[in-house]
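Here is how the chains run, residue by residue.
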Amino acid sequence: MLLAIEQGNTNTLFAVHDGQEWIAQWRSATHSTRTADEYAVWLSQLLSMAGLQFGVFDGCIISSVVPQSIFNLRNLARRYLKVEPLVIGENADLGIEVRIDKPSEAGADRLVNAVGAHVEYPGDLIVVDSGTATTFDIIAADGGFEGGLIAPGINLSMEALHQAAAKLPRVAIQKPQRIIGKDTVVAMQSGVFWGYIGLIEGLIARIKGEWERPMTVIGTGGVASLFHGATMAIDTFDSDLTIRGLLEIWRRNTSKS
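A short tour of the structure in this document, coming up.

Scoring rules and cut-offs
- Residues numbered from 1 in each chain as written.
- Predicted model: local features only at pLDDT ≥ 70, side-chain atom pairs only at ≥ 80, totals over all residues.
- Heavy atoms only, no water.
- Buried < 20%, exposed > 50% of the residue type's maximum accessible area, 1.4 Å probe, protein only.
- Helix = DSSP H or I, 4+ residues; strand = E, 2+ residues; numbered from the N terminus.
- Pairing = 2+ DSSP bridges.
- Axes fitted to C-alpha atoms, helices over the stretch in contact; angles between N-to-C directions.
- Parallel < 35°, antiparallel > 145°, perpendicular 65-115°, else oblique.
- Contact = heavy atoms within 4.5 Å.
- Nonpolar A, V, L, I, M, F, W, Y, C, P; charged D, E, K, R; others polar.

**A few points about the pairing of strand β2 (residues 11-17)**
Moving on, step 1. Among the seven residues in β2, six count as buried, and that is most of the element.
Moving on, step 2. Where strand β1 (residues 2-7) and β2 come together, six bridges link them in antiparallel fashion. What sits directly across from E6, in β2, is L13.
Moving on, step 3. The antiparallel hairpin formed by β1 and β2 contains three residues in its connecting segment.
Moving on, step 4. Pairing of β2 with strand β3 (residues 22-29) involves seven bridges; the strand directions are antiparallel. Bridging from a neighbouring strand, L13 pairs with R27 of β3.
Moving on, step 5. The hairpin formed by β2 and β3 contains four residues between the paired strands, and G19 there has a positive phi angle of roughly 100°.

Next up, the structure:
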């Protein structure tokens, strides 16, 4: 039994794998000051509802882009699961080459996505991960992480409009029915939504032009579903990419040990 923890800047995913399949997943808002004990109180209730308890786990793997949270997540595993966790960027061997100038700077989420994509899809890949930031990562056919691009996330851009312009309201992101907005809310939604479609399509085209070989494009992340059906630039949407990568990394490390 494995507990996989994938922590982004906005949400933290806790997922349970029983050796055959994922049997439970829960999300919590990311708070960098949340202690191991606070995580334990919250998680114990959800485990109980699923007929599970802390004592059933054989391992834990953690991927976090919030460095100040790793200490508490590690203590959660040690104190309550009674296991030493694998932590991406610390004691976990990814099993891939990181071919950028400063490999230590690559985000844990991007590297985990690279592993998850490579084990599922053949050939050269582009992974578009839409979250707090929108990242475009290139994975070579041999699984190597080749680098990529980082842009502000769609929700971040909408919030920036509201914060910086006194008369623009805070509105929800959604796909508008038409391009030309007839009121302020629809105009903002259309500008941000279709602006991001343009960003995605334009950057993918430029990446492919520079790579000069066929590439498969995979969409993932918390808001990726917004773009489903709105662009042909993304070949497939895969919501399980990150936890698949965590499971594969866990298996690679446990098989070595």
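Text resumes after the structure shown.
**Some remarks on the packing of helix α3 (residues 108-118) against helix α6 (residues 241-256)**
Moving on, step 1. Where α3 contacts α6, the axes come no closer than 7 Å and their chain directions differ by 85°. It follows from the interaxial angle that α3 and α6 lie roughly perpendicular. Of α6, the residues touching α3 (which contributes V112, N113, V115, G116 and A117) are L241, T242, R244, G245, L246, E248, I249 and R252.
Moving on, step 2. For the contact of α3 with α6, a count of residues per class yields six nonpolar, four polar and three charged.

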